[in-house]
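# Results of the structural survey
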Amino acid sequence: MKATATANSNIALVKYWGKRNEELILPYNSSISMTLDKLYTTTTVEFSKKYSKDELTIDAEKISGEELERVEKQLNLIRRAAKVSEKAKIASASNFPKAAGLASSASAFAALTLAATKALDLHLPKKELSIIARQGSGSACRSIYGGFVEWQKGTLENGEDSYARQVAPQNHWPELCMIVNVLTPKQKKIKSRAGMAQTIATSPLYKAWLETVESDLEKVRSGILEKKLSLLGQTAEMNALKMHSTMITTEPHIIYWEPETIVLMKEVMQLREEATECYFTIDGGPQVKVLCLERDAKKIEKRFSEMKEVQKTFLCKAGGDAKLIDRELF
């Protein structure tokens, strides 16, 4: 009754921002992401009668409170499916900062879902894993798959048609790179969950955001399938700016950007003026990710890594599916 899984983070190219159902985590709009090969979470789960309660450690730190409750809620879904009541010990570790706008909850809940289902001998297809992972963290449904992934918003109230599917596999576009620039490892003050609810309730731009998402999805799908960086990058960059515009016009304002964020956005625009094609995207946090082709990736990464605003860079390509591994964390 023990298993270990690893799952990669994913960065949305068409963002998800806002839930139509908070409990089941059902989004107002579909989203598309790129699974990253260099950012990942590894999780070991063991169910046993020897545990009187669920125990969680993240990066070797014992966790209680709201974070533990979220994990317990996820485990309860899986326990019900397996018809067992045993408590679990969970150990999780990521190779990048958590709750800092780098989709750490996506890789964490994807790894947790796969490890816990395997530990209880549930052999579920990816679609089912995706539906379960979604209920822990919305974007986790996308980290079940490698490559380029679309989370379909669905229309059913029970969420059975809201799950991820692969748009293109990991090896579809090996020349495409994403440079992840870490400007600060600090956890953000406003968690995405709370931020989304505030935005829906108060931003006058939220309706406009939803009205333009379908067009963005179509362009990003085409950009990926046809391997057109300009179509993909321009759409992803504008989509990120539109999402942040809804946050900025929320009451009270949600501004995840730091001064360094704007410096990097302008640096990307400067690179384009110098005829180096690249585009930025930013999630619910200050970190700036840059899309480019392999031929320019090393030069761009070097430029960012030498900037005083940047603490660390990860040069990523498309990563693989969430998978089971033998290396246990305890």
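Throughout this document, residue positions are counted from 1 along each chain, in the order its sequence is written. Predicted model: local features are reported for residues with pLDDT of at least 70 only, side-chain atom pairs are reported and counted for 80 or more only, and whole-chain, interface and lining totals are derived from all residues. Side-chain metrics rest on all non-hydrogen atoms present in the structure, leaving aside hydrogens and water.

### Let's talk about the packing of aromatic side chains
Geometry of aromatic contacts follows a simple scheme: Phe, Tyr and Trp rings, the Trp one being its six-membered ring, pair when their centres are within 6.5 Å, and the pair is stacked under 30 degrees between planes, edge-to-face over 60, tilted otherwise. In total, this model carries 3 aromatic pairs according to the counting rule given. Centre to centre, the rings of Tyr16 and Trp151 are 4.6 Å apart; their planes meet at 70°, and the pair counts as edge-to-face. Here Trp151 lies in strand β8 (residues 148-151) and Tyr16 lies in the loop between β1 (2-14) and β2 (19-21), a separation of 135 residues in the sequence. For the ring pair Trp17 and Tyr256, a centre distance of 6.4 Å and an interplane angle of 85° mean the geometry is edge-to-face. One end of the pair, Trp17, is in the loop between β1 and β2; the other, Tyr256, is in the loop between α7 (229-248) and α8 (259-273), with 239 residues separating them in the sequence. Note on accessibility: Trp17 and Tyr256 belong to one class, buried. Whether a charge sits over a ring comes down to the Lys NZ or Arg CZ being within 6 Å of the ring centre and within 35 degrees of the ring normal. The residue whose ring lies beneath Lys89 is Phe330, and the NZ or CZ to ring-centre distance is 4.5 Å. Secondary structure elements follow DSSP: runs of H or I no shorter than four residues count as helices, runs of E no shorter than two count as strands, and numbering proceeds from the N terminus. Accessible area is worked out with a 1.4 Å probe on protein chains only. A residue is then buried under 20% of its type maximum, exposed over 50%, and partly exposed in between.

### A few points about the pairing of β8
Because side chains alternate across β8, one face comprises the buried residues Phe148 and Glu150, and the other comprises Val149 and Trp151, equally buried. Here the rule is simple: two strands pair whenever DSSP picks up at least two bridges between them. Taken together, the 4 bridges between strand β4 (residues 31-48) and β8 define a ladder with antiparallel strand orientation. Residue pairing across strands places Ser33 opposite Val149, the latter belonging to β8. The pairing of β8 with strand β9 (residues 164-168) spans 4 bridges and is antiparallel. Bridge pairing in β9 links Trp151 to Ala164.

### Re the sheet that holds strand β12 (residues 288-293)
Strand-to-strand pairing in sheets goes through backbone hydrogen bonds, with the strands running parallel or antiparallel. The strand order β11-β12-β10-β13 describes an open sheet built from 4 strands, whose pairing is antiparallel. Since the sheet does not close on itself, it has two edges, and those belong to β11 (279-281) and β13 (312-316), each with one partner. Taken pair by pair, the neighbouring strands of this sheet meet at an average axis angle of 25°, ignoring direction. Two strands pair when backbone bridges link them, and strand β10 (residues 176-182) and β13 are joined in this way by 5 bridges, in the antiparallel orientation. Axis angles are defined between N-to-C directions and span 0 to 180 degrees, where every axis is a line fitted to C-alpha atoms and, for a helix, only to the segment in contact.

### Considering unusual backbone geometry
Peptide bonds are, in most cases, trans, and in most cases residues other than glycine have a negative phi. Here the amide bond leading from Glu251 into Pro252 is cis, since omega sits at -15°, within 30 degrees of zero. Considering the arrangement of structural elements, one finds Pro252 in the loop between α7 and α8. Unusually for a residue other than glycine, Ala60 sits at a positive phi of about 70°. With respect to the helices and strands, Ala60 occurs in the loop between β5 (55-58) and β6 (61-63). Not every positive phi belongs to a glycine, and Lys83 is a case in point at roughly 60°. The topology assignment puts Lys83 in the loop between α1 (66-82) and β7 (87-94).

### Concerning the packing of α8 against helix α9 (residues 294-305)
Two elements in contact, α8 and α9, have axes separated by 12 Å at closest approach and are oriented at 145°. Seen along the crossing, α8 lies across α9 with a hand that is right-handed. Of α9, the residues touching α8 (which contributes Leu264, Glu267, Val268, Gln270 and Leu271) are Ile300, Arg303 and Phe304. Each residue is assigned to one of three groups, with Ala, Val, Leu, Ile, Met, Phe, Trp, Tyr, Cys and Pro labelled nonpolar, Asp, Glu, Lys and Arg labelled charged, and all others, Gly among them, labelled polar. Here the residues of the contact of α8 with α9 sort into 5 nonpolar, 1 polar and 2 charged. Rotating anticlockwise by less than a right angle from the far helix to the near helix defines a left-handed crossing, while the corresponding clockwise rotation defines a right-handed one. Between two residues, a contact is recorded if the distance between any of their heavy atoms is within 4.5 Å.

### Quick notes on the layout of surface pockets
Think of a 1 Å grid over the protein atoms and nothing else: a 1.4 Å probe that fits but is trapped marks a cavity, an open set flanked by protein within 12 Å on at least five of seven lines marks a pocket, and residues with an atom within 4 Å of a point count as lining. Grid points are joined across faces, edges and corners, and a volume is the space filled by probe spheres set on the points. Empty space within the second largest pocket amounts to approximately 310 Å³. Contributing to the lining of the second largest pocket are 13 residues, with Gln187, Lys188, Lys189, Tyr256 and Glu258 lying nearest its centre. Along the lines of polarity and charge, the residues of the lining of the second largest pocket split into 6 nonpolar, 2 polar and 5 charged.

### A closer look at the nonpolar core
Counting residues in hydrophobic clusters, the biggest one holds 75 residues, and the most contacted among them are Leu13, Met34, Phe148, Leu176, Ile224 and Leu291. Ranked by residues supplied to this core, first place goes to helix α2 (residues 104-119) with 8 residues. By nonpolar core is meant a set of buried Ala, Val, Leu, Ile, Met, Phe, Trp, Tyr and Cys residues that side-chain atoms within 4.5 Å join together. Counting 20 residues, the second-largest nonpolar core is a separate cluster that includes Val268, Cys278, Val310 and Leu315.

### Quick word on helix α3 (residues 126-134)
Every buried residue of α3 is accounted for by Leu129, Ser130, Ile131, Ile132, Ala133 and Arg134. Looking at the buried residues of α3, the elements they touch are β3 (26-27), α1, α2, α4 (140-143), β8 and β9.

### Some points on the side chain of Lys15
Topologically, Lys15 is positioned in the loop between β1 and β2. Any pair of N or O atoms that falls within 3.5 Å is considered a polar contact. Within protein, one atom must be able to donate a hydrogen and the other to accept it, and sequence-neighbouring residues count only if both atoms are side-chain atoms. Only 3.0 Å separates the side chain of Lys15 from the side chain of Asp283, close enough to count as a polar contact. Those residues in contact with Lys15, other than ones at most four positions away along the chain, are Asn29, Ser30, Ser31, Trp209, Asn239, Ala240, Met243, Thr281, Ile282 and Asp283.

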